[in-house]
Amino acid sequence: METLFLKAHNTNDIGQAGAILRRGGLVAIPTETVYGLAANALDGAAVKRIYAAKGRPSDNPLIVHVSGFSQIAPLVKEVPDAARKLAEAFWPGPLTMILEKSELIPSETSGGLDTVALRLPAHPAARAVIEAAGVPLAAPSANLSGRPSPTTFAHVRADLAGKVDALLDGGDCQVGVESTVVTLVGGTPRVLRPGGVTLSQLQSVLGDVELDPAVLHQLGEGAKAASPGMKYKHYSPRAQVVLVDASPEGYARFVNEKKGGWALCFEEDLPLVELPAICLGSRYDGGEQAHRLFRALLELDEKGAQTAYAHCPMQTGVGLAVYNRLLRAAGFTIVRPKGPFVVGLTGPSGAGKSTIGAQLKRGGCSVLDCDALTRSARVYDEACIQELQAAFGEDVAPGGTLDRKELARRAFATPEGRAQLGAITFPRILTQVRRVIASAHSAGVPVIVLDAPTLFEAGLDSACDRILTVTAPEEVRLTRILERDHLSPEQARERFAAQKDAAFYTSRADYVLDNGPGAGWEEALRSVLQELKGEAAKRL
Ligand code: TXA
Ligand code: MG
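Residues numbered from 1 in each chain as written. Chains lettered and ligands numbered in written order. Predicted model: local features only at pLDDT ≥ 70, side-chain atom pairs only at ≥ 80, totals over all residues. Heavy atoms only, no water.

## A few points about the domain arrangement of the protein
As far as domains go, the protein holds domain 1 (4-215), domain 2 (240-335) and domain 3 (342-537). On a C-alpha basis, the centres of domain 2 and domain 3 stand 28 Å from each other. In this assembly, nine residues from domain 2 lie in contact with 15 residues from domain 3. Approximately 980 Å² of surface area, both sides summed, lies buried where domain 2 meets domain 3, with 39% of it carried by carbon and sulfur atoms. Here domain 2 and domain 3 share two salt bridges between them. The tally of links between domain 2 and domain 3 comes to seven residue pairs in polar contact (both at pLDDT 80 or more). The residue makeup of the side of domain 2 that touches domain 3, split by class, is four nonpolar, two polar and three charged. (Domains from an automatic or database assignment. Contact = heavy atoms within 4.5 Å. Buried area = accessible area lost by both parts, 1.4 Å probe. Salt bridge = Lys/Arg side-chain N within 4 Å of Asp/Glu carboxyl O. Polar contact = N/O pair within 3.5 Å; in protein donor to acceptor, adjacent residues only side chain to side chain. Nonpolar A, V, L, I, M, F, W, Y, C, P; charged D, E, K, R; others polar.)

This is how it looks when you write it as structure tokens:
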């Protein structure tokens, strides 16, 4: 079949795409999530061609794309309140809602279900094509079935040129993973597929929202999937993908023992990893990881990779979508290298970390006070003292004996001084922390906790399998440090200003515990601890 190449910024081309769709043709179109392969959603025969072009099982229903909220009313039995609220908050955008369908939706589009998936995309070209077509568009991702979804025009072309009527070039997709799918049919709203709109964003609008078990677990043989798409092998590059759940250090130890293969990893892993690597961005930036994920999977193919060791992402925020796709790309194989299971305990000043640390200790964890370790003689050995003198002057250690007050006075005077001090001491602290971790591990302690206010600054997070952030409202934290450290309000504010803000810590956490008044952290901590112990048990 001859395929027409069109440009999204060209109005004539948009008009042409619309005309092709109106008469029952197929056009690949850009959206903010991934490219979609569109057909008139109300025309069963047109929709059938999508399945044929993709090689997609026809019981897997398609998402119907509209260009305005008012267009959904005729497509569904009724528009529930929850749908209005979600649309208000997240449309246009990477969210798909499932509602009971009307007679207008043919069974080819709904995969034989009596529900329909609806989305109002944010990409202007996608909306313009829907407008030009004058009909809602059914559009699954524009990949051959089973392959990673295309987020660049080159990848769409590679999969679909010659198989469809037209391809509309709109450059690279911004979000990078497919929309969040939430069903509003029957009981509590439930996420069937995580995406760019996060679970907590949905909860902030709807209250209770559940995560379908199929998001994180392989369905048992013969089990019925709420979302049929969940049951197929998905997102697979040709390379075999192995997910490795470990700290950056643990991950690097694991992959560096391999004779070949590729590392699919985070920025923070790069200095540690010896295999050729493809980077997904920072370990703490789920959005960036999502943006790069599918392109990275396809790049593995381009490089001819046979095996890829993917570092397990955090499951918070958009990270959950990245984890969900990687799990499927890996066919649910997760490796947990043997070794210590380390949890970083951190948070802003006055959040009440020590209370949590003490409770973790009672719960059987080994808790390492990294601040105390920072002052230990093992860190300030002779070589260290010489480096400090070279950086800050002889007087920081008269006669070779460290004068902590003088060192603090000089080093903390400027941001550069602080950085210089860190450059000298942090690697030594890390060495000491590794030593203590190793000894706790060989003593059989299951969960080793690093209590470290400067977990990230000191690079201690590279030893952490999980990160637990403790936080509390700013006013509460302020009151606490006033009382505890006998500071003036001004000094306390200054200390806050010198620190990262609370959001810095919470956005880098696997778990966030609110230790404010009445937050009931005890119960939350019990369940976190139980989960941590469960994870740790898998490392033995
Ligand atoms: O971001 C996206 O959603 C992209 C772009 C092109 O909009 N589209 C997309 O479509 O990812 P597709 O067909 O690859 O994925 C649709 C997912 C599948 O997992 C499918 O099983 C599920 O949504 N789905 C569709 N209709 C459903 C329904 N009525 N009930 C349950 N799941 C449904
Ligand atoms: Mg798809």
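That shown, we press on.
## Quick word on helix H10 (residues 319-329)
Here H10 lies mainly inside the structure; 11 of its 11 residues are buried. Directly after H10, the chain includes glycine 331, whose backbone phi takes a positive value near 55 degrees. (Buried < 20%, exposed > 50% of the residue type's maximum accessible area, 1.4 Å probe, protein only. Helix = DSSP H or I, 4+ residues; strand = E, 2+ residues; numbered from the N terminus.)

## Details of the sheet that holds strand E6 (residues 115-119)
An order of E1-E8-E2-E3-E7-E4-E6-E5-E9-E10-E11 is seen for the 11 strands of this open sheet, with the pairing classed as mixed. The open sheet is flanked by strand E1 (4-7) and strand E11 (210-211), the only strands paired with a single partner. Where strand E2 (residues 27-29) meets strand E3 (residues 36-40), three bridges bridge the pair, whose relative direction is antiparallel. Along E3, the bridge assignment pairs valine 27 with alanine 38. (Pairing = 2+ DSSP bridges.)

## Things to note about the pattern of salt bridges
Inspection of the entire model under this criterion finds 27 salt bridges. The partner of arginine 410 in a salt bridge is aspartate 395, with the nearest N and O atoms 3.3 Å apart. Of this pair, arginine 410 sits in helix H14 (residues 404-411) while aspartate 395 sits in the loop between helix H13 (382-392) and H14; the two residues are 15 residues apart in sequence, bridging distant segments of the chain. On the accessibility criterion, aspartate 395 (46% relative accessible area) is partly exposed. Via salt bridges that share partners, Asp245, Arg336, Asp465, Arg466, Glu535, Lys538 and Arg539 belong to a single interconnected network.

## Looking at the nonpolar core
Ranked by size, the top nonpolar core spans 44 residues in total, and within it Leu37, Leu95, Met97, Leu118 and Leu202 carry the most contacts. For this core, the leading source of residues is helix H2 (residues 44-54), giving five residues. When near neighbours in sequence (up to four residues on either side) are disregarded, leucine 95 contacts Leu86, Phe90, Leu118, Arg119, Ser179, Thr180, Val182, Val197 and Leu202. Cys370, Ile448, Ala463 and Phe504 belong to the second-largest nonpolar core, a separate cluster that totals 38 residues. (Core = buried A, V, L, I, M, F, W, Y, C linked by side-chain atoms within 4.5 Å.)

## What to know about the sheet that holds strand E12 (residues 240-244)
Read across the open sheet, the five strands follow the order E14-E13-E15-E12-E16; overall the sheet is parallel. The open sheet has two edge strands with one neighbour each: strand E14 (277-279) and strand E16 (334-335). Across the sheet, H10 is in contact with E12, strand E13 (262-265), strand E15 (307-311) and E16; its angle to E12 comes to roughly 130 degrees. (Axes fitted to C-alpha atoms, helices over the stretch in contact; angles between N-to-C directions.)

## Re the packing of helix H1 (residues 11-22) against helix H5 (residues 124-133)
For any two helices packed against each other, the geometry comes down to the angle between their axes and how far apart the axes lie. Running from N to C, H1 and H5 cross one another at 55 degrees; their axes reach a closest spacing of 7 Å. With respect to H5, the axis of H1 lies oblique. Note that H1 runs across H5; the crossing there is right-handed. Residues Ile14, Gly15, Ala17, Gly18, Leu21 and Arg22 of H1 form the contact with H5, whose participating residues are Ala125, Ala128, Val129, Ala132 and Ala133. Across the contact of H1 with H5, the residue classes tally to eight nonpolar, two polar and one charged. (Parallel < 35°, antiparallel > 145°, perpendicular 65-115°, else oblique. Left-handed = near helix turned anticlockwise from the far one by under 90°.)

## Here's the deal with the pairing of E13
Burial along E13 is two-sided: the face carrying Trp262 and Leu264 and the face carrying Ala263 and Cys265 are both buried. As defined by bridge partners, E13 adjoins E14 across three bridges and the pair is classed as parallel. Bridge pairing in E14 places alanine 263 opposite alanine 277.

## Here's the deal with the side chain of threonine 152
Residue placement: threonine 152 occurs in the loop between strand E7 (137-138) and helix H6 (153-160). The exposure class assigned to threonine 152 is buried, which follows from its relative accessible area of 9%. Not counting residues within four places of it along the chain, the set of residues in contact with threonine 152 comprises Tyr35, Gly171, Asp172 and Arg295.

## Here's the deal with the pairing of strand E9 (residues 180-183)
A regular strand places its side chains on the two faces of the sheet in alternate fashion. Every second residue of E9 is oriented toward a common face, with Thr180 and Val182 on one face and Val181 and Thr183 on the other, all of them buried. Bridge count between strand E5 (residues 95-100) and E9: four bridges; the pairing is parallel. Paired with methionine 97 across the bridge in E9 is valine 182. In this structure, E9 lies alongside strand E10 (residues 190-193), joined through three bridges in antiparallel fashion. Each bridged residue has a counterpart across the sheet, and for valine 182 the counterpart in E10 is valine 191. The hairpin formed by E9 and E10 contains six residues between the paired strands, and glycine 186 there has a positive phi angle of roughly 75 degrees.

## Considering the packing of helix H9 (residues 286-302) against H10
Between H9 and H10, the least distance of the axes is 8 Å, while the angle of their chain directions is 25 degrees. The orientation of H9 relative to H10 falls into the category roughly parallel. Along this stretch, H9 crosses H10, giving a crossing that reads as left-handed. Seen from H9, the contacting residues are Gly286, Gln289, Ala290, Leu293, Phe294 and Leu297; seen from H10, they are Gly319, Val322, Arg325, Leu326 and Ala329.

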